[in-house]
Amino acid sequence: MKNWSISFKLLCLVAIAIAAFVCMGLYGILNTRSIFGWVSEVNSTAKDFQRSAKEISDPLHRVRELVLSIVLAPDRALREKLNEAQAESSRQLDAGFKGWPVGPMGAAERAAFDKLRAAWEDYKKLKDYTVDRATKGYREEAFINAIDTEARQFDSTIGELDGWQKLKIDAAQAVYREADSRFRLVVQTSVIVTLLIVLLVGGVAFVIVRSITGPIQILTTTATRIADRVDDTQAEKTLEPVLDTGGEVGQLARGFWRMVSTLRTTIQNETQSRARMDEILTSTRAAVGQLGSTGAQLLASTKEQATGAEKQAEAVARVATTVEQVTATAREAAKRATEVGKTVQRTLKIGNAGRKATADSFTALNGVRKRVEETSKNMMALIEQAKAISGIIGTVDDIAQQSHVLAVNAAIEAAKAKEGGREFTIIAREIRAMAEQSRKGTAQVRQILDQILKASGAAIASMEQVTTGVSGAILEGDQSSQAINELAVALGEVAETSAQTSVSADQEALSMTQISDAMRNIDLVAKHALLAIQGTAQAARQLDDLGAQLRHLSAEHGARQASSAGDPPAPLLSAAKAH
Amino acid sequence: MITNDNTASTLILFELDGFLFALDALKVRRLVRAGEITPLPGLPAGVLGVVSVAGEVVPVFDLRERLRMPPRAVRSSDHFIIVRCDARLVALVVDNVTDVVPAAEAGFISAAEVLPGLASVEGWVKVNGELIMIYDLEKFLSMDELLSLEKAVRA
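Residues numbered from 1 in each chain as written. Chains lettered and ligands numbered in written order. Predicted model: local features only at pLDDT ≥ 70, side-chain atom pairs only at ≥ 80, totals over all residues.

Along the backbone of chain A there are twelve helices and zero strands. Helices and strands in chain A line up, N terminus first, as α-α-α-α-α-α-α-α-α-α-α-α. For chain A, with 579 residues in total, the buried portion stands at 27%. (Helix = DSSP H or I, 4+ residues; strand = E, 2+ residues; numbered from the N terminus. Buried ≥ 20, exposed ≤ 12 C-beta atoms within 10 Å, placed from the backbone.)

Below is the structure:
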């Protein structure tokens, strides 16, 4: 019975019910038929009564009436006429008795009928006597016979008729009683048989329903256990007796078994991809840390550069002032030829100071160039790291896409599983939300990386400007150094030929103008360099900010991950994480 | 692409050039990321070629041509939705699958209520306040095309 399919079981149940009701129907038809037979018997009795009234009872009474009329008739003609009518009725009565079917009668009825006929024969003789007397004129004799002997015989004949009819009524009543008792028996039997059928069909239905709901109950229990804890391998053992069952329930159980296997595989895949994402996040965090330290280093070196450049600017300003003083003095020397000697000595001193200042600025500029080159190297390393991070972000993006596809497929499977997949639909939605979150995160990181690359490019460009400016300044410095040396030589000559000062004064003034021009150039270049370094410093600050932002983002992501691992959103997910 | 008796329990929402469309999740076999499409001779218009999905050769339909959208080559960021249509699998190229929602959350508006006679439109659903058009998949990919497709794939 267990291996029968549900529809076959239900068909059996219906067949049993139909067979039982067909038997009931046949029983009812048979009983109706016998009751119909009794009814026809009663019907024939009624017809007999009608016939006996028409053929026997009515003519008998008419004969009696006519005989009395003959006795009482005043003239002969009327008596003749009435006699004819009386004879006709008598013939009719005889024919009725003769033609009465005696075949179907019972013994008692036959005896009663014979007695009635004998009584009629006796009455006929007496009546004939009365008529004979009356027609022959002996009216008194006829009258006496009619009201005495004939009247008694008539009453006795009527009595026999009543007896015969009573027998018929008794027989009909017997038939009625038999039909009544049969009807009671049929009602009782029907009630008992109906009760028995209801009990039988109910019992069979109960057994069939139990055989269908039993395995489904096992399935429900297993599904509930798996919904609570997906790694509950003991839950599947409860399913084993149902798995071998044939029919629709067995198919349902096997389908459920397959769904649970697919669910497990999907969750394992998800767990693996999560682990991979965690690894990548850790390496990203390390790279971000490195990026931050490089930014800080760059900022420090840029600050040093700025300090050096400021020093240089100061020195250049000093030189410029000095040169202006020299120029003024030279002009004075041209005017006051007599004080040339003294002035030349002073000028020589000032020229030496100018030479020293130029050498100082030369050293400072070299320092600036060196630092800028170092910074440039650091920036290059930074760009390389940013590119490496970009590659990692690409991988993370790819994994997020895969997770998304996986989650959508899981949701589709859950939808196909209908009721059983409701829990899993929620989990698939969470997985999809997580994939979406990581995709947004990678987009943010990518944007920041683009900003870093752009800022780094700007910094390198401004550093190149600085290098060019510094090289120009060094070249100019060389020129001014030469000019100062030349001045020193010229001043030496001036000291020797102080008498010829007025001649060389013009030359000196010219040289001073040259120095002044050179110094202005140096000043200009130094200012350019300062501006460029300030630009670098700003770029470095931006870089530092970005590094801090990245660190913050990474820490936030880590914290979010830690918090999502902390709370248990669903038993399935927590089981997957524990893995 | 909801079934006629409107029994879809879950809808898959996908994107094409910024437009949202819906599909009955029960008709979807699975979602895969776009891979290389093998061209075949004698394919009807709108069929880009075939792909292999779990060992089965599946024709790839270009929904852009169906919906008269500007044509675009398949990108690696695209997805294939593998659906069952008249007892065979076909792949539909979409930009992305944005969501999987229960149909009960999406208010369904039958096309017959709005504009009777739209053969291939089944109706609309409202998701997050946005109206999304639903196409009847069987009517959308007509029988003639499926037959000629059958020949081309078998050849």
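Regarding its fold elements, chain B presents four helices and eleven strands. Looking at the 155 residues of chain B, the share that counts as buried comes to 29%. Of the contacts made within chain B by residues no fewer than 6 positions apart, 55% connect residues no fewer than 24 positions apart. (Contact = placed C-beta atoms within 7 Å.)

Moving on: the packing of helix α4 (residues 139-147) of chain A against helix α5 (residues 149-228) of chain A. All names here are of chain A. The N-to-C vectors of α4 and α5 enclose an angle of 30 degrees; their axes lie 2 Å apart at closest approach. Regarding the angle of α4 to α5, the classification is roughly parallel. Mapping the contact onto sequence places N145, A146 and I147 in α4 and T149, E150 and A151 in α5. Partitioned by chemical class, the residues of the contact of α4 with α5 number three nonpolar, two polar and one charged. (Axes fitted to C-alpha atoms, helices over the stretch in contact; angles between N-to-C directions. Parallel < 35°, antiparallel > 145°, perpendicular 65-115°, else oblique. Nonpolar A, V, L, I, M, F, W, Y, C, P; charged D, E, K, R; others polar.)

Before going further, it helps to spend a moment on the sheet that holds strand β3 (residues 28-33) of chain B. Residue and element names in this part refer to chain B. The five strands are arranged β3-β6-β7-β5-β4 in an open sheet whose pairing can be described as mixed. Across the chains shown, the open sheet's two edge strands, defined by having one partner strand only, are β3 and β4 (47-53). In this sheet, adjacent strand axes meet at a mean angle of 30 degrees when their direction is disregarded. (Pairing = 2+ DSSP bridges.)

Residues and elements named next belong to chain B. For strand β1 (residues 10-16) and strand β2 (residues 19-24), the ladder comprises six bridges, and the chain directions are antiparallel. Bridge pairing in β2 places L16 opposite F19. Between β1 and β2, which follow one another and run antiparallel, lie two residues, and D17 among them has a positive phi close to 50 degrees. Bridging between β2 and strand β11 (residues 130-135) involves two bridges; their strand directions are parallel. Across the sheet, the residue bridging to F21 is M133, located in β11.

Residues and elements named next belong to chain B. Taken together, the six strands give an open sheet; going across it, the order is β8-β1-β2-β11-β10-β9, and neighbouring strands pair in mixed fashion. The strands lining the two open edges of the sheet, one partner per strand, are β8 (96-102) and β9 (107-110). Between one strand axis and the next, the sheet turns through 30 degrees on average, direction left out of account. Here β9 pairs with strand β10 (residues 121-127) via four bridges, running antiparallel.

This part is about the environment of L196(A). Tracing the backbone shows L196(A) in helix α5. Once the C-alpha coordinates of L196(A) and A20(A) are considered, the two residues, 176 residues apart in sequence, prove to be 9.7 Å apart.

We now examine the nonpolar core. Counting residues in hydrophobic clusters, the biggest one holds 51 residues, and the most contacted among them are A411(A), I12(B), L23(B), I81(B) and L92(B). Here the element with the most residues in this core is helix α9 (residues 340-416) of chain A; it accounts for nine residues. Ignoring any residue separated from it by four or fewer positions in sequence, one finds A411(A) in contact with T425(A), A428(A) and V100(B). Judged by nonpolar contacts, the second largest core, of 35 residues, contains I484(A), V525(A), L530(A) and A539(A). (Core = buried A, V, L, I, M, F, W, Y, C linked by C-beta atoms within 7 Å.)

Attention now goes to the interface of chain A and chain B. At the junction of the two partners, chain A supplies nine residues and chain B supplies twelve residues. Its residues assigned to classes, the side of chain A that touches chain B shows five nonpolar, two polar and two charged.

All names here are of chain B. One non-glycine residue, D17, adopts positive backbone phi at about 50 degrees. Even without being glycine, A54 reaches a positive phi, approximately 50 degrees. Note that A54 resides in the loop between β4 and β5 (56-61). Judged by the 10 C-beta atoms lying within 10 Å of it, A54 falls in the exposed class.

Moving on to helix α1 (residues 6-72) of chain A. Residues and elements named next belong to chain A. The end-to-end C-alpha distance of α1, which contains 67 residues, comes to 97 Å, matching closely the 99 Å that a straight helix rising 1.5 Å per residue would cover. For α1, the principal kink sits at A53 and spans about 40 degrees. When α1 is considered as a whole, its buried residues turn out to be I56, L60, V63, R64, L66, V67, I70 and V71. For α1, the elements touching its buried residues are α2 (76-99), α3 (107-135), α4 and α5. (Expected span 1.5 Å × (residues − 1). Bend = angle between axes of the 7 residues up to and from the residue.)

Any functional reading would require information that these geometric values do not contain.
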